[in-house]
Amino acid sequence: MSEPNKKIIFELRKVNKSFGDLKVLKEINFSIERGKTTVVIGPSGCGKTVLLKHLIVLIRPNQGEVFFDGGRIDHLSEKKLISMRRRCGFLFQAGALFDSETVAQNVGFPLLQHTAYSHKEINQLVRERLELVGMAGTESRLPSELSGGQRKRVALARAIALAPEVILYDEPTTGLDPIRAETINELIVKLQHELKITSIAVTHDMNSAYKIADRIVMLNQGCIIADGRADEIRHSPDPQVQRFIRGQSEELNRKNKNNG
């Protein structure tokens, strides 16, 4: 058996996933390089979030294998997955903050659940994480008292609470205006550079993809149809890729042809 590639932190091998008769992922072979930011793009329903959740086995494949840091993980029990998941942070699309808990309690939750730190140590780490995402001084506020962009930043502070090696972002700029979206993009880049974090993001937002990505992968109908640097994707000769990144629909293209 060959030695695992130390540069690769995640790998999917021939992964297939169906929900009933709906085939969502088809023979996916996909690896994530350590310390880089990989962005997965594609139209709604193409399998982006399903792929993301396979990486930390929130969803298990019908066929195929999932590897983390050289070891297979898709067959492990939930108990055995805990140590792997502690090395990963997950920023959910809606933030998933606890509405009845303060900012400090939200950010401190994973520290309280998974460490033996004292309350004083947790409070100090919470302050440091909030400062890192530009939310210092908000510890006593409730999520309802925050804007959408602020909630995203608090959720990001919680995602990095345990100093993870990896952060997975599910549509990190969805629902934000361009200025607040740019703030989140800058934070993703900052965390990669300052904390040497591996980042994987799924998004519809091409401005965000170009801003944060070392590599962009495009899914369509459950298959990877493009994979390359941002400039390679931007200039891809594939018409499906160009329609997506330019925001053009099939219907719009048909109208353009008919009017031409």
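Refer to the preceding data block for the structure.
Keep in mind that this is a model prediction, so the values were computed, not measured. (Residues numbered from 1 in each chain as written. Predicted model: local features only at pLDDT ≥ 70, side-chain atom pairs only at ≥ 80, totals over all residues. Heavy atoms only, no water.)

S.K.: How should the overall build of the chain be read in this particular structure?
M.R.: Broken down by element type, the chain carries 10 helices and 10 strands. Here the chain has a C-alpha radius of gyration of 19 Å; the compact-globule value for 260 residues is 18 Å, and the two agree. Out of the 260 residues belonging to the chain, those deemed buried represent 47%. Computed over 38 positive and 31 negative side-chain charges, the inter-centroid distance for the chain is 2 Å. (Helix = DSSP H or I, 4+ residues; strand = E, 2+ residues; numbered from the N terminus. Rg over C-alpha atoms; globule rule 2.2 N^0.38 Å. Buried < 20%, exposed > 50% of the residue type's maximum accessible area, 1.4 Å probe, protein only. Lys, Arg positive; Asp, Glu negative; His and termini not counted. Charge placed at Lys NZ, Arg CZ, Asp CG, Glu CD.)

S.K.: For this particular structure, what's the right way to read the pairing of strand β1 (residues 8–19)?
M.R.: Side-chain positions along a regular strand alternate between the two faces of the sheet. Taken together, the eight bridges between β1 and strand β2 (residues 22–33) define a ladder with antiparallel strand orientation. For Phe19, the partnering residue across the bridge sits in β2 and is Leu22. Here β1 folds back onto β2 in antiparallel fashion, the turn holding two residues, of which Gly20 has a positive phi close to 65 degrees. With five bridges connecting them, β1 and strand β4 (residues 63–68) associate as antiparallel partners. Bridging from a neighbouring strand, Leu12 pairs with Val66 of β4. (Pairing = 2+ DSSP bridges.)

S.K.: Just checking my understanding: could you explain the sheet that holds strand β5 (residues 71–72) for this structure?
M.R.: One open sheet accounts for four strands, arranged β2-β1-β4-β5; its pairing is antiparallel. Strand pairing shows two members of the sheet lacking a second neighbour, β2 and β5, which therefore form its edges. Against the sheet, helix α1 (residues 48–55) touches β1, β2 and β4, its axis set at about 125 degrees to β1. (Contact = heavy atoms within 4.5 Å. Axes fitted to C-alpha atoms, helices over the stretch in contact; angles between N-to-C directions.)

S.K.: Would you take a moment to explain the pairing of strand β3 (residues 37–41) for this structure?
M.R.: Among the five residues in β3, five count as buried, and that is most of the element. Neither face of β3 is exposed, since Thr37, Val39 and Ile41 on one face and Thr38 and Val40 on the opposite face are all buried. Relative to strand β8 (residues 198–202), β3 runs parallel, the two sharing four bridges. Looking across to β8, one finds that Val40 is bridged to Val202. As paired strands, β3 and strand β9 (residues 215–220) are joined by four bridges and run parallel to one another.

S.K.: Sorry, what's going on with the packing of helix α3 (residues 103–114) against helix α4 (residues 119–132) here?
M.R.: The angle between the axes and the distance between the axes are what describe a pair of packed helices. Running from N to C, α3 and α4 cross one another at 120 degrees; their axes reach a closest spacing of 9 Å. Our classification of the angle between α3 and α4 gives oblique. Considering only the axes of α3 and α4, their crossing is right-handed. In this structure, α3 contributes Val103, Ala104, Val107, Gly108, Leu111 and Leu112 to the contact, and α4 contributes His119, Ile122, Leu125, Val126, Arg129 and Leu130. Partitioned by chemical class, the residues of the contact of α3 with α4 number nine nonpolar, two polar and one charged. (Parallel < 35°, antiparallel > 145°, perpendicular 65-115°, else oblique. Left-handed = near helix turned anticlockwise from the far one by under 90°. Nonpolar A, V, L, I, M, F, W, Y, C, P; charged D, E, K, R; others polar.)

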